Amino acid sequence: MILHEKISAQLPEWRERVKSLAKEHADVVIDEVTVGQVVGGMRDIKSLLTDVSFVDPAEGIRFRGMSIPEVLAALPKPDGADMPYVGGLYYLLIIGEVPSKEQAQAVEAEWAKRAEVPAYVFEMLQAMPRETHPMTLFSQAILALQNGSEFFKKYHEGMKKDVYWEPALEDSLNLTAKLPVIAAFIYNLKYRDGKTPKWDAKLDYGANFAAMLGVADQKGYADLARLYFILHSDHESGNVSAHAMHLVGSALSDAYYSFSAAMNGLAGPLHGLANQECLGWLLDVHKQFGGVPSRDDLYKFAWDTLNGGKVIPGYGHAVLRVPDPRYTAQMNFAKQRFPQDDLVRLADLVFDVVPQVLKEQGKAKNPAPNVDAISGTLQYYYGVREFDFYTVLFGVGRALGVTANYVWARALGQPIERPKSLTTKMLEDAVAKAAQPA
Ligand code: HAX
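## Quick word on the overall build of the chain
Item 1. When you go through the chain residue by residue, the secondary structure sums to 20 helices and three strands.
Item 2. The C-alpha atoms of the chain give 22 Å as radius of gyration, which agrees with the globular expectation for 438 residues (22 Å, within 12%).
Item 3. By principal-axis analysis of the C-alpha atoms, the chain measures approximately 70 × 65 × 45 Å.
Item 4. Looking at the chain alone, contacts between residues at least 24 apart form 75% of all its contacts between residues at least 6 apart.
Item 5. Total accessible area computed for the chain in this model is approximately 19800 Å², and 55% of it derives from carbon and sulfur atoms.
Item 6. Charge centroids of the chain, computed over 45 positive and 52 negative side chains, lie 2 Å from each other.

So this is what it looks like as structure tokens:
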């Protein structure tokens, strides 16, 4: 299989590089840790290792060194599509090279072989109370697949450490193949006719998802699905979902256990759930003013949100200090296709007004929009209007990045993660000591 061959070829060199760092240069200091960082959610502490993506605060995400416009331009596309193969992005994330069209199609073919979901998973989801949140169903379904884990099986048969990555890759391909089917099943179960979706081997990942969801504009939505999954795939290692996957995987829990944990983190309102909150906020504005409001009305509405003790969803970021290029890519998509849509015009006005309001408030370090400020608007346009489903879409995309990281973490023998904690008294003592004259 193509990904297996490529990783095998790269492994000796990567292992040598990491071994050299760990053995010969272990004492080189990268950064110092402040009391503020310890109290403040470990913000910006440079302590994770990944080559899959990097977020520059002043620029945004790069996947394997490539910016989003570069990725969208370089990756091969299905015939007649405007957006690239998701399989091509997965290849890029795992292998670190832009694939040819055949290589992207080879990944898509792997997914087609592995997309069937066992019936008991659907039955379990059907047995759940109808009002269960889609993210709960999604995470449960992922966990329910765990008994098919190759990694779990091989580990208990006595596998050697240097081949951990092989069943990790198998699990990752099996999992990423099944996620769109599970997501579409949850969508149909909760909001449509309850039909069980089937993967069509003739269609790519994006087109399959459009077909399984049953949206009216198949071609348009297939492109949106490709774009959406690509943009949401990875955002280096420190965000909650990626870090949860990495942390749980470091205990040698398999990809299903680890990814289910990642999805439980993604379900939080400060992380993945922000996309549904953001669309909700836009719709509130739209409802209150009966359409796109004036700049002044929006300004006041934004201040009312802040004065009500709430955050403005879709704005701010823990790392970024500029508008998120994932926001820009989605806004470009919308403006090229449906610039007159009310919510697109509203989102554009919000981009004009909210950064100013956040700057005036003076709290948020980044007053610019993040990925969530627009993603729901695009789904809404294509008729996917049940916005508590949006985090599931995010999860399908996020799987691509976190499993790429997971495979490499096992390939490079990354150890169990175990940071050190301190007590409040220890921090106070450190502060007192720092205040003493030298
Ligand atoms: N609206 C109002 N206040 C905001 C704000 C916003 N959009 N963004 C930041 N702030 C506030 C913070 O709540 C914080 O206030 P306190 O000091 O009272 O606690 C202060 O500004 C400083 O925060 P920060 O350092 O700039 O931001 P953090 O790193 O602490 O948090 C968040 C980053 C993304 C969580 C934050 O900006 C936020 O809550 N934004 C709104 C929710 C959102 O859009 N989340 C999605 C983020 C992208 C993502 O991960 N998607 O999955």
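That shown, we press on.
## What about the sheet that holds strand β2 (residues 60–63)?
Item 1. Taken in spatial order, the three strands make up an open sheet running β1-β2-β3, and their pairing is antiparallel. Lying at the two open borders of the sheet, with one neighbouring strand each, are β1 (53–56) and β3 (66–67).
Item 2. In the sheet, β1 pairs with β2 via four bridges, with the strands oriented antiparallel. Among the inter-strand pairings, Ser53 is bridged to a residue of β2, identified as Phe63.

## A few points about the site of the ligand
Item 1. If you check the shell around the ligand, you find 21 residues, and the closest are Ile312, Gly314, Tyr315, Lys365 and Asp372.
Item 2. In the model, a nitrogen atom of the ligand is placed 2.8 Å from a nitrogen or oxygen of the Ile312 main chain.
Item 3. For the ligand, the accessible surface in isolation is 910 Å², of which the surrounding protein chains cover 76%.
Item 4. Considering only residue class, the shell around the ligand consists of 11 nonpolar, six polar and four charged.

## Topic: the nonpolar core
Item 1. Grouped together as the largest cluster of nonpolar side chains are 130 residues, with contacts concentrated most on Trp111, Phe138, Phe209, Tyr221, Phe259 and Trp281.
Item 2. Once residues lying within four places of it in the same chain are set aside, the contact partners of Trp111 are Val86, Gly87, Tyr90, Leu173, Thr176, Ala177, Trp199, Tyr205 and Leu400.

## Points about the side chain of Asn275
Item 1. Structurally, Asn275 can be placed in helix α14 (residues 274–289).
Item 2. In this structure the side chain of Asn275 is engaged in a polar contact, spanning 3.4 Å, whose partner is the backbone oxygen of Tyr390.
Item 3. Here Thr391 takes part through its side chain, which lies 3.4 Å from a polar atom of the side chain of Asn275.
Item 4. Once residues lying within four places of it in the same chain are set aside, the contact partners of Asn275 are Tyr228, Asp372, Ser375, Tyr390, Thr391 and Phe394.

## Focus on the pattern of salt bridges
Where charged atoms from two side chains of opposite charge come close, those side chains can pair.
Item 1. According to the stated counting rule, one finds 23 salt bridges in the structure shown.
Item 2. A salt bridge links Asp82 to Arg337, with the shortest nitrogen-to-oxygen separation between them at 2.9 Å. Taken together, the positions of Asp82 in the loop between α3 (68–74) and α4 (86–95) and Arg337 in helix α16 (residues 325–337) put the pair 255 residues apart, joining distant regions of the chain.
Item 3. With a closest N to O distance of 3.2 Å, Lys195 and Asp193 form a salt bridge.
Item 4. Among the residues examined, Asp193 registers a relative accessible area of 53% and is labelled exposed.
Item 5. Look at the salt bridges and you will find they share partners, linking Asp82, Asp204, Asp223, Arg226 and Arg337 into a network.

## Comments concerning the packing of helix α12 (residues 240–250) against helix α19 (residues 390–411)
Geometry of a packed helix pair, given as the angle between the helix axes and the separation of the axes.
Item 1. One way to put it is that α12 packs onto α19 with a least axis distance of 10 Å and a crossing angle of 30 degrees. Between α12 and α19, the crossing angle belongs to the class labelled roughly parallel. For the element pair α12 and α19, the recorded crossing hand is right-handed. Contacts between α12 and α19 involve Ser241, Ala242, Met245, His246, Gly249 and Ser250 from the former and Arg398, Val402, Thr403, Tyr406, Ala409 and Arg410 from the latter.
Item 2. Within the contact of α12 with α19, the residues separate by chemical class into five nonpolar, five polar and two charged.

The rules behind these values
- Residues numbered from 1 in each chain as written.
- Predicted model: local features only at pLDDT ≥ 70, side-chain atom pairs only at ≥ 80, totals over all residues.
- Heavy atoms only, no water.
- Helix = DSSP H or I, 4+ residues; strand = E, 2+ residues; numbered from the N terminus.
- Rg over C-alpha atoms; globule rule 2.2 N^0.38 Å.
- Contact = heavy atoms within 4.5 Å.
- Areas by Shrake-Rupley, 256 points an atom, 1.4 Å probe, with all protein chains shown as cover.
- Lys, Arg positive; Asp, Glu negative; His and termini not counted.
- Charge placed at Lys NZ, Arg CZ, Asp CG, Glu CD.
- Pairing = 2+ DSSP bridges.
- Near = heavy atom within 4 Å.
- Polar contact = N/O pair within 3.5 Å; in protein donor to acceptor, adjacent residues only side chain to side chain.
- Nonpolar A, V, L, I, M, F, W, Y, C, P; charged D, E, K, R; others polar.
- Core = buried A, V, L, I, M, F, W, Y, C linked by side-chain atoms within 4.5 Å.
- Buried < 20%, exposed > 50% of the residue type's maximum accessible area, 1.4 Å probe, protein only.
- Salt bridge = Lys/Arg side-chain N within 4 Å of Asp/Glu carboxyl O.
- Axes fitted to C-alpha atoms, helices over the stretch in contact; angles between N-to-C directions.
- Parallel < 35°, antiparallel > 145°, perpendicular 65-115°, else oblique.
- Left-handed = near helix turned anticlockwise from the far one by under 90°.

Note that all results are geometric; they support no functional claim without further evidence.
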